[in-house]
Amino acid sequence: MFAFCTFFGIIPSFKTNAQESANFCGTYYSIGDVAFIEAHIAGTYRNFSQRMAASGGTIEIPVQIHIACPSNDPVSCFPETAIDNAINVLNALYANVPMHFYECADRNYIYETAGVVNNNNLSEFTLCSPHDVAGVVNIYFVDKIFPNPPSTSTPLGYAPTTPQVGADRIFIARRTITDDIVLYPDLILVHEMAHFFGVYHTHGSGVPGATDELVNGSNCNIAGDEICDTPADPANMAFFVTHITDEYCEYPATLSPYCCDANGENYSPLSNNIMFAYYCVYGTFNAFTDGQYSRIWDGYYGFRSYLSDAGNLAMRDNWYDVGQEPNYTANDLLEWEDIWVSPDLWNCIDDPNCTEHQDPEYKASGGSNYLRVRITNRGCSPTPEGRKLHLYWTRARTGETWIYHWLHTPLNQTTNGHPLGHMITSNPSDPLQAIPLDIPPLNPEETIVITQPWQAPNPQWYDGDDGFSVGASPMLCFLARITGEIATSPSSIEGEENNIAVGYNVKASNNIVTRNCALTDLDPLNLNNTPRSIIIENINNQLTLTDVHLTDITRNTPNPFTNYGSIYLLLDEQLWNNWQASGGQSAGLTYTEYDRTLRVTDAQEATLYDIPFESGEQRQIAVRFELATASGKKPEILPAQTQHYSFYLWHSSTLPAEEEMLKGGGIFEVAIHPRPLDAISLTALPVACHPNPIQGNMPAQIQFTMLQSAPIRVDIYDINGKQISCITPSQTYQKGTHLLALNPQDLPLKSGMYFCRITTPQGYGGCKIAVAR
Ligand SMILES: [Zn+2]
């Protein structure tokens, strides 16, 4: 048999170098891959008519073709004619399954890419993640596939063998790594597509050169390729290389002297099977057996039946998430990226069209904030009618559980009946009755932003109620989820119907996103002094001893936060008492002069040990960041650029069920600017308090300078950010310097350090007030 003599019209190869090593298939099966495939393939062999009857007809498979070219020159790209031919050959052969492949969108050209590294997720991720279409087979026609580990043998194609929902790929190379052009994508595509549906090489799932299948066929259904009409094949590489260098590519009917199996019998493999481990363009490796067709059919129904081009509505968990799941980090596939700062979910205080997140503000007048959600169709076809958007908020915790913490129920409110969570898109008269928002049909890659007015909770609900007494700015967590997808859609993995925790859902599906934020920024003048609080809750149905941890999860920052400032934990009264009563053990923390306040001495991890929590008990804890070191000194050197820090507040106990819940919120973020915020604001609007300190009941006043005529508001806070009083003079103040007398009832009753802030339409000003009673 000579080259080019094939019934399905392989395009002649341009291969000219007979010294070239074998061009092989780079598909590799891990133990986990094999376990997955075997668990999902029924292994019931049927002939063609039986398959037709069982499936009800031809299986339609959507594909998206990507053509990755090493330069901007179209000559460097895989030629369209070769791709056309490959699709035609694929459909001619797979009609026997019966299966039909169609391109669900235009071919996607990617220029200036070096190729892809075989079986290297990171390389694949870099090339493919911006381009993958969810729910379809993404076929990448690349320039080269680099062997991994490096070798002179060239993989010309490979297919990740188990589902990567949203990232189902096949790779086909145009050139070897020694630059020989080897255009036979039809052979490679037909072969790799069979891997994609669970068909092994004829020798089996292991490396070539040996097989555990016996020549007599007695173990044919559990050994080798686990298919009985493909006889045992040792896939002897030495034999193959000898023959291809002779430009013959004929697998002999009898492999003598390459004997023998465990019984001493000579192998007698098929000489034309397309699942031989090497691509053999000069031979007639062009046929599947009926057993292989049946296994493709079984593979589709076993683990690939989610393939569909019915659109895919996606939101991103973080800025690096490209809309597919799981959303690996850009640098490390073993890590997840942050999931509490979705760029596709944000709040606007006043302007319903704002494009940057603003921490929500409680409006005593009953006015609205606006929650905004950006949704993109990452699929191959328009999305149908009937998709819905649901929105929620909850008081941030060290572990929100779905769905309990996101609804206003008698179990999820303060003792005074104030909600600790709420469905935003709900009927106000019946908080448990969801009124989701409609998502209109979107074309592929089309994006929509949906805006929903909502009323932020009153921060004072969470101060004093239930023994909460840290007086801090409460942290909220938003959640948006899309429903209405078909059950197997990439957008439908999560769901309360499956009782899966939110943390898992957020990571494993692109139809659910969250964002953590402070409810209100009580004191923007002294941002670093504003504590923000979250709830710790024992969600177990028994008393637990709980450890509370603050862990530095800051990335990519040259200097730790403690080079510039201090971190304090503030415990509510009951939490403090419970901790003290159980021994008051801690690590990385030290007592301070302030009530129920500890300073962090080990910012990598600070821990409070063995705090008893009754079942369902909720306690409040706050974190305060201060731009002053432990000795009270302001840092002399500030970073040249703004530095962002993240700290994770979480809890643990000895109960194993807790682990899943720890994937919830509790993230505290703080930034250090080259110039302190208070310095910027103070120079913008000069304010001074007289006298200072205020002693006894002496009259006090605030001196301030207006840049323009305007009304003002004066707020006084304690050192924890808790508001003491709010003064709103009826008069408008002209440009210039003024004195405002403070009434005794506006002043703090207790001695201590307080902050005064004046707010005008032009900006803020502030000063410290020391009170000595
Ligand atoms: Zn292969």
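Residues numbered from 1 in each chain as written. Predicted model: local features only at pLDDT ≥ 70, side-chain atom pairs only at ≥ 80, totals over all residues. Heavy atoms only, no water.

A few words now on the coordination of the zinc ion. Taken together, the protein donors to the zinc ion comprise Cys25 (SG), His191 (NE2), His195 (NE2) and His201 (NE2), at separations of 1.9 to 2.1 Å. For the zinc ion, the 4 donor atoms in the first shell make angles of 97 to 117 degrees at the metal, so the coordination geometry reads as tetrahedral. Mapped onto the polypeptide sequence, the residues donating to the zinc ion form the spacing pattern C-x165-H-x3-H-x5-H. Remark: His201 occurs in the loop between helix H5 (185–196) and helix H6 (237–245) and His191 occurs in helix H5; sequence separation between them is 10 residues. A single burial state applies to His191 and to His201, both of which are buried. (Donors = N, O, S within 2.8 Å, 3.2 Å for Na, K, Ca; no water. Tetrahedral: all angles 85-135°; square planar, octahedral: opposite > 155°, others 65-115°. Helix = DSSP H or I, 4+ residues; strand = E, 2+ residues; numbered from the N terminus. Buried < 20%, exposed > 50% of the residue type's maximum accessible area, 1.4 Å probe, protein only.)

One can expect most non-glycine residues to show negative phi and most peptide bonds to be in trans. In the segment running from Val97 into Pro98, the intervening peptide bond is cis, with an omega of 5 degrees. The backbone phi angle of Asp179 is positive, close to 75 degrees, even though this residue is not glycine. Taking relative accessible area as the criterion, Asp179 reaches 42% and is therefore assigned partly exposed. The backbone of Arg596 shows a phi angle near 50 degrees, a positive value even though the residue is not glycine. Mapped onto the secondary structure, Arg596 falls in the loop between strand S25 (589–591) and strand S26 (597–600).

Another point: the pattern of salt bridges. Between side chains of opposite charge, a pair can form as their charged atoms come close. Counted by the stated rule, this structure contains 22 salt bridges. Linked through salt bridges whose partners overlap, the residues forming this network are Asp143, Lys144, Arg174, Arg175 and Asp179. (Salt bridge = Lys/Arg side-chain N within 4 Å of Asp/Glu carboxyl O.)

The subject of this paragraph is the nonpolar core. Grouped together as the largest cluster of nonpolar side chains are 61 residues, with contacts concentrated most on Ile61, Tyr94, Met99, Ile139, Met193, Phe197 and Ile296. Broken down by element, the residue count for this core peaks at 8 residues, all from helix H3 (residues 80–94). Other than its neighbours up to four places away in sequence, Tyr94 contacts Met99, Phe101, Val190, Met193, Ala194, Phe288 and Ile296. (Core = buried A, V, L, I, M, F, W, Y, C linked by side-chain atoms within 4.5 Å. Contact = heavy atoms within 4.5 Å.)

Moving on, we come to the packing of aromatic side chains. Counting across every chain of the model gives 25 aromatic pairs. With centroids separated by 6.5 Å and ring planes inclined at 75 degrees, the aromatic side chains of Tyr392 and Trp406 adopt a geometry described as edge-to-face. Taken together, the residues span a long stretch of sequence, with Tyr392 in strand S13 (residues 387–395) and Trp406 in the loop between S13 and strand S14 (421–423) at a distance of 14 residues. Here the two residues Tyr392 and Trp406 agree in accessibility, since each one is buried. Measuring from centroid to centroid gives 5.4 Å for Phe561 and Phe625, while their planes differ by 80 degrees, and the two rings are edge-to-face. Residue Phe561 is located in the loop between strand S22 (544–552) and strand S23 (566–571), and its partner Phe625 is located in strand S28 (residues 618–626); the two are separated by 64 residues in the primary sequence. One exposure class covers both Phe561 and Phe625, and it is buried. Grouping aromatic residues by their ring pairs yields a cluster made of Phe196, Phe197, Trp297, Tyr300 and Tyr301. (Phe/Tyr/Trp six-rings, centres within 6.5 Å; stacked < 30°, edge-to-face > 60°.)

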